[in-house]
Amino acid sequence: GDSVTQMEGPVTLSEEAFLTINCTYTATGYPSLFWYVQYPGEGLQLLLKATKADDKGSNKGFEATYRKETTSFHLEKGSVQVSDSAVYFCALSGSSFNTDKLIFGTGTRLQVFP
Amino acid sequence: GAVVSQHPSWVICKSGTSVKIECRSLDFQATTMFWYRQFPKQSLMLMATSNEGSKATYEQGVEKDKFLINHASLTLSTLTVTSAHPEDSSFYICSALRGGTDTQYFGPGTRLTVL
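Residues numbered from 1 in each chain as written. Chains lettered and ligands numbered in written order. Predicted model: local features only at pLDDT ≥ 70, side-chain atom pairs only at ≥ 80, totals over all residues. Heavy atoms only, no water.

Side note on the pairing of strand β5 (residues 32-38) of chain A
Residues and elements named next belong to chain A.
And then number 1: Counted residue by residue, β5 has 7 buried out of 7 residues, so it is predominantly covered.
And then number 2: The two faces of β5 match: Ser-32, Phe-34, Tyr-36 and Gln-38 on one face and Leu-33, Trp-35 and Val-37 on the other face are all buried.
And then number 3: The pairing of β5 with strand β10 (residues 86-93) spans 7 bridges and is antiparallel. Along β10, the bridge assignment pairs Gln-38 with Val-87.
And then number 4: In this sheet, strand β6 (residues 44-50) lies alongside β5 in antiparallel orientation, the contact comprising 6 bridges. Within the sheet, the bridge partner assigned to Leu-33 lies in β6 and is Ala-50.
And then number 5: Linkage of β5 to β6, two consecutive antiparallel strands, is achieved through a turn of 5 residues, within which Gly-41 is found at a positive phi near 75°. (Buried < 20%, exposed > 50% of the residue type's maximum accessible area, 1.4 Å probe, protein only. Helix = DSSP H or I, 4+ residues; strand = E, 2+ residues; numbered from the N terminus. Pairing = 2+ DSSP bridges.)

Put into structure tokens, the structure is as follows:
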């Protein structure tokens, strides 16, 4: 079945460091890919998305490129801030058997220290 | 745009009582809404898919008689936890699928504590 695999956290960085959170997926068909962020005590917010191969989603300095050949959608940011501390979820939807349902990865906690 | 609200944001109840959680899409219509459950430091588990005007579709292992879902209008879905027990304590999150897109927008969540 469809699945999303994320790197385990926590990821601990100093402010202004470069961030990469790895995400790979398994799906039939051509899913859309998403990154959601969850700040402490809150629900999920859509961070960025990509709907087809080679698309790059970007928002708030974060980027991720839909790589069909490596089935990956890694999240990157050039310079993290303390306010980026949160849990990041990679997800997919829209594969052949999975229409609108979102399949989430386990989440990666990011902790940024000043 | 694409704001989803949940009410209440937190609730504490006694074992055996029922609790209703509302999920509203404030600025768009949502024919499909989803209900998730999240345990501490874990990912979201899809409980059910709620379609306006029809019965909800429950995921395997989710008791439909315990978690009653009603999608009464294009902007409102409710989840009722019936005869709640301490093991039902969790963070419940809803999302709404914006029409014509594949993007779900999430509510802020409701923390349920059953004593």
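Digging into the interface of chain A and chain B
And then number 1: With 20 residues of chain A at the contact, the number on the chain B side is 20 residues.
And then number 2: Together, the buried faces of chain A and chain B total about 1400 Å²; carbon and sulfur atoms form 53% of this surface.
And then number 3: The interface formed by chain A and chain B contains 1 salt bridge.
And then number 4: Residues Glu59(B) and Lys101(A) are paired through a salt bridge, measuring 2.9 Å at the closest nitrogen-oxygen approach.
And then number 5: On inspection of chain A and its partner chain B, the count reaches 6 residue pairs in polar contact (both at pLDDT 80 or more).
And then number 6: Among the elements that make up the side of chain A that touches chain B, the one with the highest residue count is β5(A) (4 residues).
And then number 7: Class assignment of the residues belonging to the side of chain A that touches chain B gives a composition of 7 nonpolar, 8 polar and 5 charged. (Contact = heavy atoms within 4.5 Å. Buried area = accessible area lost by both parts, 1.4 Å probe. Salt bridge = Lys/Arg side-chain N within 4 Å of Asp/Glu carboxyl O. Polar contact = N/O pair within 3.5 Å; in protein donor to acceptor, adjacent residues only side chain to side chain. Nonpolar A, V, L, I, M, F, W, Y, C, P; charged D, E, K, R; others polar.)

Structural notes on the state of the cysteines
And then number 1: For the structure shown, the criterion picks out 2 disulfides over all chains.
And then number 2: What pairs with Cys23(A) in a disulfide is Cys90(A), and their sulfur atoms sit 2.0 Å apart. Measuring the twist about the S-S bond at about -70°, one finds the Cys23(A)-Cys90(A) disulfide to be left-handed. Of this pair, Cys23(A) sits in strand β4 (residues 23-26) while Cys90(A) sits in strand β10; the two residues are 67 residues apart in sequence, bridging distant segments of the chain. The two residues Cys23(A) and Cys90(A) agree in class, both being buried.
And then number 3: Here Cys23(B) engages in a disulfide with Cys94(B); their sulfurs sit 2.0 Å apart. Looking down the S-S bond of the Cys23(B) and Cys94(B) bridge, the torsion is 80°, so its handedness is right-handed. Here Cys23(B), found in strand β3 (residues 19-25), pairs with Cys94(B), found in strand β9 (residues 90-97); they are 71 residues apart in sequence, far enough to count as distant. (Disulfide = S-S within 2.5 Å.)

Details of the sheet that holds strand β3 (residues 19-21) of chain A
All names here are of chain A.
And then number 1: The strand order across the open sheet built from 4 strands is β3-β9-β8-β7, with neighbouring strands paired in antiparallel fashion. Each of the sheet's edge strands pairs with one partner strand only, and the pair in question is β3 and β7 (56-59). On average, adjacent strands in this sheet sit at an angle of 15° to one another, irrespective of strand direction.
And then number 2: Here β3 pairs with strand β9 (residues 75-77) via 3 bridges, running antiparallel. Note on β9: the bridge partner recorded for Ile-21 is Leu-75. (Axes fitted to C-alpha atoms, helices over the stretch in contact; angles between N-to-C directions.)

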